[in-house]
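Survey of secondary and tertiary structure
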Amino acid sequence: MVYENPDGVKIGLEVHVQLNKLKTKLFCGCSTDYHNDEPNTHVCPVCLGLPGSLPVINERAVEFAIRIGLALSCEIVEQTQFHRKNYYYPDLPKGFQTTQYDYPIASKGKVIIEGEDGERVIRITRAHMEEDPGRLQHIGTIEKSKGTLINYNRSGMTLIEIVSEPDMRSPKEARRYLDKLRSILDYLDVFNGDLEGAMRVDANVSVFGGERVEIKNISSFKGAERALLYEIMRQKNHVRRGGEIVMETRHFDEARGVTISMRTKEAEHDYRYFPEPDLVPLRVAERAPEIQKALPELPDARRERFLRQYEMSNMHARALTNEIKVADFYEDVAGKVNPKDAAVWVADILRGELNYRDLGIDAFAAKDIVTIIELVTENRITEQSGVEVIRTILDHGGKPQDIVKDKGLLKVEDDIVAKAVKEAIAENPEAVTDYLGGKEKSLNFVVGKVMQKTKGRADAREVRERLVKDLNDQS
Amino acid sequence: MITKEEVEHVGWLARIRIDETKSDAYAGKLNSVLDYFGQLDKVDTEDVPPTYHVMDIVNVFRKDEVTESMPQDAVLSNTEYRKEGNFKTPKII
Amino acid sequence: MVTWTDISGIKQKIAESSAEEVTASYLEKIGKSCINGFVRTWDRALEVAKAIDAGDQEGPLAGVPIAIKDNISTTGLSTTCSSKILQGYVPPYDAHVIGKLRDAGAVILGKTNMDEFAMGTSTESSYYGATLNPWDTDRVPGGSSGGSAAVVAAGEAPVSLGSDTGGSVRCPAAFCGVVGLKPTYGCISRYGLISYANSLEQIGPLATCVADIAALMDVIAGHDHRDSTSINRENNYSEALKDDVNGLKIGVPEEYFGEGIDEGVEKAVWDAIGKYEDMGASWKKISMPHTKYALASYYIIAMSEASSNLARFDGTRYGFRADGDNWHVMASNTRAEGFGDEVKRRILLGTYALSAGYHDRYYLKALKVRTLVKQDFDRALSEVDVLMGPTMPTPAFKIGEKIDDPLSLYLADVNTVPVNLAGVPSISVPCGFSEGMPVGLQIIGKHFDENTIIRAAYSFEQNTAHHTRRPREVV
Ligand SMILES: [Zn+2]
């Protein structure tokens, strides 16, 4: 089935990724670990833009950027340099942003996503490095604000801006692209996507081959999908009513789920790019081969391997490799139980329960799912009970063994004990008679026999109680 | 020739308020300098690369090692416009 | 007559009395000054001198008082670039050179007057008013480091630091009859020097004799990892203090004696070249054909960089803030009221030269011409060891004479700016008088060959008496 793209939708995305796994900022030694700290406590003359301060590039930031470029199948530029992008905004302490311009560190790459009609290649135009501005907080709403507060802790954090070609044909494909990008970045261990502001999205979208409209201020992947759905609808309606789409920038109002035009004098720009005189050129291509060698296995490669090595379904392989943590978790489990069982339990059951609760794989211990899979495959609990154990752990905590016992889920075990008790009674008539005749101690002998039969797995006290009950019923 | 309108536009780009009454005077002074700059048009620079950096050095890096940041009161010490550890400015738009 | 004391003289005085007394005598002299060379003195200077006397600190400059240009950041001592926009700004950090001076035991007397943001040739554009030339108080001291040159000439400080973007150390050195050095680009860390045009400028020392220049260079030059353009290269400058120019090959660029050159200046410079010949050097005329385009190239580059460097002065984090009911208006008002006319003109021209539609015609063109100017130097300095010519085409002009005609003021820099475009070192030494005012001889060397020009300047000083003449005491 081929996707027709009836409205001629073309979506391109610009994704800003904050490399928060670096220890320090892009141009100064301030720590990146500011997320829980007081405002303006992770700043120095450089990232505060004090007069006379000068930038020096973080070498690891460049390595991370090359790593990302290679993972996106990009070409790494021979020589690059930083430029100044000049514009005025209070979050920009130098009055310009230090960024890359005509020689981005990486360009001409691709990302493969699951598109509307099968695999689809999304071309990457470029990926470049730049510094993050500070953070603004409006006193009141942005329109009716009484003032603005500025915290420069974020100022100077390393960003990689990944720009795609307009190759996505629906908000769903845009979402898939974002998920895939996040997946790749997670694998590269260059950022923690859970931290606030770790990934920020600007989108551009056009319909029916018209002008493209840029949407800014999208703060989540879900938001990106919603903003695009709204904007496509708006453009279609506008065209249907005979209107013409003009090239403009719109602001996404997350609360109302709408995009708003931002045609103000403040938004008019002429960035006057020129090379940053305080930073010297970087000859980086020579570093690429070594970084390429050290590149970890990426999601697509891992999926291929899972298919081969564990003989699982394509759907499972995809589900298990999207997130590096899930993939690692799976391989941990698959090393201890049958990998196919592990695939079903991790991909279908456990992930379903986690998603339902909005939890990550971190919320569950691999050894617990191993125990549950063993209990089920040894026929000691039912599959349904296994699911119940997972839910109980997630909702109330506890260990699988205890939960099974507390909830009496060991149906099979009960039968074994019951059977062993019956057998022991039948096989030891003398001891039974002695007991019924008043020799309490004879019961111990029968208990011992039951324990022998159950290889010690039964609980001695339970066995005694059951014997007493059975014998009493008999007599 | 830079026009009065261009002076006002450039003034906005550079965030320097230019009173309308003065933009003519500005244009006059700027034009005499721009005229002088115009003499570069005569220089043949075909195939001449631009010199962005006069010294031929590349790859100057810093290790990813944390250095001490400034205490908050030092960060804010040069302004009276602050609130709860933040800088405070008028609203943006 | 003004008393000049060099560093060795200071050391002798300290040995005879104390560092405290020496510092106190300078502060007393500054207190009575009428040349407006200092914009503020440091209230802790005596304390530092006392600590030296107590033996708390040693070093090659122990107890030596020094004056610092008002664009070099000093912790705890206001640094304003002689601009209203930086009123009250106290840097929370030291410039690299200041750290070096403090470690060497120097006593910072205070900050010296300058053209606002170093944009000028006369020190008339300072927010604090003009500095007067100690040789004739109706005349300018040159600029932009006019305060640093005038206080040395007036005996208010034995040595000082200035900065040289297009001649700002050499011009006032020439006008005030002292020695001033513009080192090779990258020789001294710019960390903490408030930028005017980063790709052109260097901090440079001013003194009454060449030996003191070398002594200061031994302290302040050298690699600094905080300045990416700082070059790692060891050198001992005092070793160059040899009276020996035998075999030295001098090139005299004919373009440096162009239209408008003062007859007295021309004569003094040719006399000096004749003297070198007597001392065993040889000279020849040399052509540097792109000199006439250097001035336009220089001003376009400097203004373009400045328009961006000065963007951070927006009233948000430090310095002067004007009213305005939104941030953009506040910033525009702050900059309109906080910057002086010449600074505003240069920012506007720089913004224009970088803006869409003009970038290639002005900015890019200027950088290409810069290449041609640099090639002139490469060619000339492959034929000779040093270049010589007048530092300034005229002696110091009258206060107010050129202030209303920016272009005529720019033209005075014709012989100094090519040096900054090429990044080569250059020293100005007194070589005579015209109209009773000092004339400076400019000696230009190869990249990092400061020692040859220091040796040439020192030899000249040893064999002539120009530097022994002093201005009259002005009270
Ligand atoms: Zn910092």
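In this report, the structure presented in the accompanying data block is examined. This is a predicted model, so every value here is computed, not measured.

Moving on, we come to the overall build of chain B. Each helix and strand in chain B was counted, giving 3 helices and 3 strands. Over its C-alpha trace chain B gives a radius of gyration of 23 Å, far above what one expects of a compact globule, namely 12 Å for 93 residues. In terms of overall dimensions, chain B has a C-alpha envelope of 55 × 45 × 20 Å along the principal axes. The buried share among the 93 residues of chain B stands at 47%. Summed over all atoms, the accessible surface of chain B reaches about 5100 Å², with 48% contributed by carbon and sulfur. The centroid of the 12 positive side-chain charges in chain B is displaced by 11 Å from the centroid of its 18 negative side-chain charges.

For chain C, the helix and strand inventory stands at 15 helices and 11 strands. Overall, chain C is about 70 × 60 × 45 Å in size when its C-alpha atoms are taken along their principal axes. Expressed as a percentage of contacts within chain C between residues at least 6 apart in sequence, the contacts between residues at least 24 apart total 76%. Summed over its atoms, the accessible surface of chain C is roughly 13800 Å², and 45% of this surface lies on carbon and sulfur atoms. Across chain C, the centroid of the 45 positively charged side chains sits 4 Å from that of the 59 negatively charged ones.

This part covers the coordination of the zinc ion. Residues and elements named next belong to chain A. In this structure, Cys 28 (SG), Cys 30 (SG), Cys 44 (SG) and Cys 47 (SG) serve as the protein donors to the zinc ion, at separations of 2.3 to 2.4 Å. One can describe the donor arrangement at the zinc ion as tetrahedral, given that its 4 donor atoms subtend angles of 100 to 117° at the metal. If you list the donors of the zinc ion from N- to C-terminus, the spacing comes out as C-x1-C-x13-C-x2-C. In this pair, Cys 28 is assigned in the loop between β1 (10-18) and β2 (57-58) and Cys 44 in the loop between β1 and β2, connecting sequence segments 16 residues apart. Both residues of the pair, Cys 28 and Cys 44, belong to the buried class.

This part covers the sheet that holds strand β10 (residues 147-151) of chain A. Within the open sheet, the 4 strands sit side by side as β9(A)-β10(A)-β3(B)-β2(B). Their pairing is antiparallel. Strand pairing shows two members of the sheet lacking a second neighbour, β9 (135-139) of chain A together with β2 (82-83) of chain B, which therefore form its edges. The sheet contact formed by β2 of chain B and strand β3 (residues 86-89) of chain B spans 2 bridges and is antiparallel. Looking across to β3 of chain B, one finds that Lys 83 of chain B is bridged to Asn 86 of chain B.

Right, let's talk about the side chain of Asn 133 of chain C for a bit. Along the chain, Asn 133 of chain C turns up in the loop between β3 (107-112) and α5 (146-153). Residues within four places of Asn 133 of chain C in sequence aside, it is in contact with Arg 139, Val 140, Pro 141, Phe 175, Cys 176, Ala 396 and Met 437 of chain C.

Another point: the interface of chain B and chain C. Taken residue by residue, the interface counts 48 residues in chain B and 68 residues in chain C. Note on chain B versus chain C: buried area summed over both sides is about 5200 Å², and carbon and sulfur give 68% of it. Summed over the three residues of chain B that lose the most area to chain C, namely Leu 40, Val 54 and Asn 78 of chain B, the buried surface amounts to 13% of that side. Here chain B and chain C share 2 salt bridges between them. Arg 361 of chain C is the partner of Asp 41 of chain B in a salt bridge, and the nearest nitrogen-oxygen pair spans 3.0 Å. Elements that contribute at least two residues to the side of chain B that touches chain C include exactly α1 (4-13), α2 (20-37) and β3 of chain B. With 8 residues, the single largest contributor to the side of chain B that touches chain C is α2 of chain B.

This part covers the packing of aromatic side chains. What the rule picks out here adds up to 26 aromatic pairs over all chains. Grouping aromatic residues by their ring pairs yields a cluster made of Tyr 89, Phe 117, Phe 313, Tyr 318 and Phe 339 of chain C. It is Arg 15 of chain B that lies over the ring of Trp 12 of chain B; its NZ or CZ is 3.9 Å from the centre. The side chain of Arg 321 of chain C reaches across the aromatic face of Tyr 81 of chain B, ending 3.7 Å from its centre.

Time to look at the pattern of salt bridges. Counted by the stated rule, this structure contains 72 salt bridges over all chains. The partner of Glu 231 of chain A in a salt bridge is Arg 234 of chain A, with the nearest N and O atoms 2.7 Å apart. With Glu 231 of chain A and Arg 234 of chain A both in helix α3 (residues 221-240) and 3 residues apart, the pair spans about one turn of that helix. For the residue pair Glu 231 of chain A and Arg 234 of chain A, the accessibility class agrees, reading buried in each case. In this structure, Arg 256 of chain A and Asp 253 of chain A form a salt bridge, with 3.0 Å as the shortest nitrogen-oxygen distance. For Arg 256 of chain A, a relative accessible area of 57% gives the class exposed. Salt bridges here are not isolated pairs; linked through shared partners, they connect Arg 84, Glu 276 and Asp 278 of chain A together with Arg 190 and Asp 227 of chain C.

It is worth spelling out the pairing of strand β8 (residues 282-286) of chain C at this point. All names here are of chain C. Strand direction decides the pairing type here: strand β7 (residues 249-253) and β8, joined by 5 bridges, are parallel. Within β8, the residue paired with Pro 253 across the bridge is Ile 286. Tracing the backbone out of β7, into helix α8 (residues 263-278) and back to the parallel element β8 gives a crossover that is right-handed.

Let us now look at the nonpolar core. Counting 307 residues, the largest nonpolar core has Tyr 177 of chain A together with Leu 101, Phe 117, Tyr 276, Phe 377 and Ile 443 of chain C as its most contacted members. Residue-level mapping places this core at the junction of two domains, with at least three residues from each of domain 1 (10-292) and domain 2 (299-407) of chain A.

Turning next to the interface of chain B and chain A. Listed by partner, the interface residues are 32 residues for chain B and 53 residues for chain A. Here chain B and chain A share an interface that buries about 4000 Å² over both sides, 58% of which is from carbon and sulfur atoms. One can count 2 salt bridges joining chain B with chain A. One salt bridge in this structure joins Asp 64 of chain B and Arg 60 of chain A, with 3.0 Å as the shortest N-O distance. Inspection of the chain B/chain A interface yields 24 residue pairs in polar contact (both at pLDDT 80 or more). Contributions of two or more residues to the side of chain B that touches chain A are made by α1, β1 (61-62), α3 (72-75) and β3 of chain B. A per-element tally of the side of chain B that touches chain A places β3 of chain B first, with 4 residues. Partitioning the side of chain B that touches chain A into residue classes produces 15 nonpolar, 8 polar and 9 charged.

Attention shifts here to the sheet that holds strand β11 (residues 437-444) of chain C. Residue and element names in this part refer to chain C. Sheet architecture is open: 11 strands sit in the order β1-β3-β2-β4-β6-β5-β10-β11-β9-β7-β8, paired in mixed fashion. What marks the edges here is a single partner per strand, and that holds for β1 (38-41) and β8. On average, each strand axis in the sheet is inclined to that of its neighbour by 30°, with strand direction left out of account. Sheet analysis places strand β5 (residues 179-182) next to strand β10 (residues 426-434), joined by 3 bridges and oriented antiparallel. Each bridged residue has a counterpart across the sheet, and for Lys 182 the counterpart in β10 is Ser 426.

Glancing now at the packing of α1 of chain B against helix α11 (residues 341-354) of chain C. Where α1 of chain B contacts α11 of chain C, the two axes come as close as 9 Å, and the packing angle between them is 95°. With respect to their mutual orientation, α1 of chain B and α11 of chain C come out roughly perpendicular. Residues Glu 6, Val 10, Gly 11 and Leu 13 of chain B of α1 of chain B form the contact with α11 of chain C, whose own contacting residues are Leu 348, Thr 351 and Tyr 352 of chain C. Per-class residue counts for the contact of α1 of chain B with α11 of chain C are 4 nonpolar, 2 polar and 1 charged.

Let us now look at helix α9 (residues 366-377) of chain A. Residue and element names in this part refer to chain A. Here α9 contains 12 residues, and its C-alpha end-to-end distance of 16 Å stays within 8% of the 16 Å for a straight helix at 1.5 Å per residue. Packing partners of the buried residues in α9 comprise α7 (324-334), α8 (339-356), α10 (383-396) and α11 (400-406). Backbone geometry just downstream of α9 places Asn 379 in the positive-phi region, at approximately 65°.

How each quantity is defined
- Residues numbered from 1 in each chain as written.
- Chains lettered and ligands numbered in written order.
- Predicted model: local features only at pLDDT ≥ 70, side-chain atom pairs only at ≥ 80, totals over all residues.
- Heavy atoms only, no water.
- Helix = DSSP H or I, 4+ residues; strand = E, 2+ residues; numbered from the N terminus.
- Rg over C-alpha atoms; globule rule 2.2 N^0.38 Å.
- Buried < 20%, exposed > 50% of the residue type's maximum accessible area, 1.4 Å probe, protein only.
- Areas by Shrake-Rupley, 256 points an atom, 1.4 Å probe, with all protein chains shown as cover.
- Lys, Arg positive; Asp, Glu negative; His and termini not counted.
- Charge placed at Lys NZ, Arg CZ, Asp CG, Glu CD.
- Contact = heavy atoms within 4.5 Å.
- Donors = N, O, S within 2.8 Å, 3.2 Å for Na, K, Ca; no water.
- Tetrahedral: all angles 85-135°; square planar, octahedral: opposite > 155°, others 65-115°.
- Pairing = 2+ DSSP bridges.
- Buried area = accessible area lost by both parts, 1.4 Å probe.
- Salt bridge = Lys/Arg side-chain N within 4 Å of Asp/Glu carboxyl O.
- Phe/Tyr/Trp six-rings, centres within 6.5 Å; stacked < 30°, edge-to-face > 60°.
- Lys NZ or Arg CZ within 6 Å of the ring centre and 35° of its normal.
- Right-handed = clockwise from strand over helix to strand, strands pointing away.
- Core = buried A, V, L, I, M, F, W, Y, C linked by side-chain atoms within 4.5 Å.
- Domains from an automatic or database assignment.
- Polar contact = N/O pair within 3.5 Å; in protein donor to acceptor, adjacent residues only side chain to side chain.
- Nonpolar A, V, L, I, M, F, W, Y, C, P; charged D, E, K, R; others polar.
- Axes fitted to C-alpha atoms, helices over the stretch in contact; angles between N-to-C directions.
- Parallel < 35°, antiparallel > 145°, perpendicular 65-115°, else oblique.
- Expected span 1.5 Å × (residues − 1).

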